[in-house]
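Chain by chain, the residues run as shown.
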Amino acid sequence: VVAADRGYLNALSDEQIIDCDAANHGCEGGDPQIALTYVVDQPLVAKSDYPFNAGKGHASQCALNEAVASASQIQSYLYVQPCDETVLMQAVARGPVVVAIDAYCDAFMQYSGGVLSDSCVDVTGAAAAGTTTVDAVCEDSLNHAVAIVGYGADGKTGLNYWIIKNSGGSSWGEKGFARVLRGGGIEGGEGKD
């Protein structure tokens, strides 16, 4: 929101939420809604003041220095209706949207650029095992939160994509961001980069 409003990316501490949000479970799992409630109650510090330590955080092992100045805080957040890309596009046009994804597969972890169209979820294998819907398979596989910060269409391939910001730092993906296939279709040039 700050980047869209003021023209610069205010890099905030992911690690503060992982370590200091006692209502969640650090790197053992958490809920984005609970994390957003934490940020309503507790201002975040800059990433440089409390850097990400590659997933070694544990809830209630907060090392936040009280003398460090707060960098940002949110006043509120809204819940976006799931499974409706039109509603999601409208929400992303107003600001970032936190979503849960399945990130534990090579396609995501080793992503280095382009439009990511591989899924971490083995829908074919799940169907063979008796799971009847893609939604049921995907819901059981949610294990990582990212922020959708924009959308667009690739000029070369025409693939529609979401722009996501990951917490892994600028060495992952496209400087900490990824373009993930949106809607599965090809459309001409719409988007908000």
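These numbers were taken from a predicted model, which means no experiment stands behind them.

Looking now at the pattern of salt bridges. Applying the stated rule across the entire model yields three salt bridges. Note that Asp-14 and Lys-47 form a salt bridge whose closest N and O atoms lie 2.5 Å from each other. Note that Asp-14 is positioned in helix H2 (residues 14-20) and Lys-47 in the loop between helix H3 (32-41) and helix H4 (85-94), a separation of 33 residues in sequence. One salt bridge connects Arg-179 with Glu-174, and the closest N-O pair in it is separated by 2.9 Å.

Regular strands place side chains that alternate from one sheet face to the opposite one. The buried fraction of strand S3 (residues 144-153) is high, at seven of ten residues. Where strand S1 (residues 97-101) lies against S3, five bridges are found, and the strand directions are antiparallel. Within S3, the residue paired with Val-99 across the bridge is Val-146. Connecting S3 to the antiparallel partner strand S4 (residues 159-165) that follows it, the hairpin turn spans five residues, and Gly-158 within it adopts a positive phi of roughly 80 degrees.

What follows concerns the packing of aromatic side chains. Tallied over the full model, the rule gives three aromatic pairs. Pairing Phe-108 with Trp-172 gives two aromatic rings, centres 4.9 Å apart and planes at 40 degrees, and the pair type is tilted. With Phe-108 in helix H5 (residues 106-109) and Trp-172 in the loop between S4 and strand S5 (177-186), this pair connects stretches of sequence that are 64 residues apart. Comparing Phe-108 with Trp-172, the two get one shared label, buried. An aromatic cluster is built from Phe-108, Tyr-111 and Trp-172, whose rings are joined through pairwise contacts. Positioned over the ring face of Tyr-161 is Arg-179, at 5.3 Å from the centre of the ring.

This brings us to H3. Inspection of H3 places Ala-35, Tyr-38 and Val-39 among the buried residues, and these make up the whole buried set. Along the axis of H3, the buried positions cluster into a sector of 95 degrees, meaning they face one direction only. Elements that come into contact with the buried residues of H3 comprise H2. Structurally, the start of H3 carries an N-cap: the backbone nitrogen of Gln-33 is 2.7 Å from a side-chain oxygen of Asp-31.

What sets the pattern is the α-helix's 3.6 residues per turn: residues three or four places apart point alike. Buried within H4 are the following residues: Leu-88, Met-89, Ala-91 and Val-92. In an axial view of H4, the angular spread of the buried residues amounts to 165 degrees, which keeps them on one side of the axis. Sitting at the amino-terminal end of H4 is Asp-84, which places a side-chain oxygen 3.1 Å from the backbone nitrogen of Thr-86.

Glancing now at the nonpolar core. In this structure, Leu-88, Val-92, Phe-108, Ile-148, Trp-162, Ile-164 and Trp-172 are the most contacted members of the largest nonpolar core, which totals 18 residues. Within the residue set of this core, elements represented by two or more residues are H4, S1, S3 and S4. Looking at which element gives the most residues to this core, the answer is H4, with four residues. Membership of the second largest hydrophobic core comes to seven residues, among which are Val-39, Leu-44, Val-45 and Tyr-50.

About the cut-offs
Position numbers for residues count from 1 along each chain, tracking the sequence in the order it is written. Totals for whole chains, interfaces and linings use all residues, but because this is a predicted model, local features are given only for residues with pLDDT of at least 70 and pairs of side-chain atoms are given and counted only at 80 or more. Only heavy atoms go into the side-chain values, all of them from the structure, while hydrogens and water stay out. We count a salt bridge whenever a side-chain nitrogen from Lys or Arg sits within 4 Å of a carboxyl oxygen from Asp or Glu. By the criteria applied, helices consist of DSSP H or I runs no shorter than four residues and strands consist of E runs no shorter than two, each listed in order from the N terminus. Exposure is judged per residue with a 1.4 Å probe applied to protein chains only, and the accessible area is read against the type maximum: over 50% gives exposed, under 20% gives buried, and values in between give partly exposed. The rule for pairing is simple: two strands pair if DSSP sees at least two bridges between them. Think of it this way: a Phe, Tyr or Trp ring, Trp meaning its six-membered ring, pairs with another when their centres are within 6.5 Å, and the plane angle makes it stacked under 30 degrees, edge-to-face over 60, tilted otherwise. Whether a charge lies above a ring is judged from NZ of Lys or CZ of Arg, which has to be within 6 Å of the ring centre and within 35 degrees of the ring normal. Picture the helix axis, draw a direction to every C-beta atom, and the arc is the one those directions span. Only heavy atoms enter the contact rule, under which two residues are in contact if any of them lie within 4.5 Å. For this analysis, a polar contact is any N or O atom pair within 3.5 Å, provided that within protein one partner can donate a hydrogen and the other can accept it, and provided that sequence-adjacent residues contribute only side-chain to side-chain pairs. Definition of nonpolar core: a set of buried residues of the types Ala, Val, Leu, Ile, Met, Phe, Trp, Tyr and Cys, connected through side-chain atoms within 4.5 Å.

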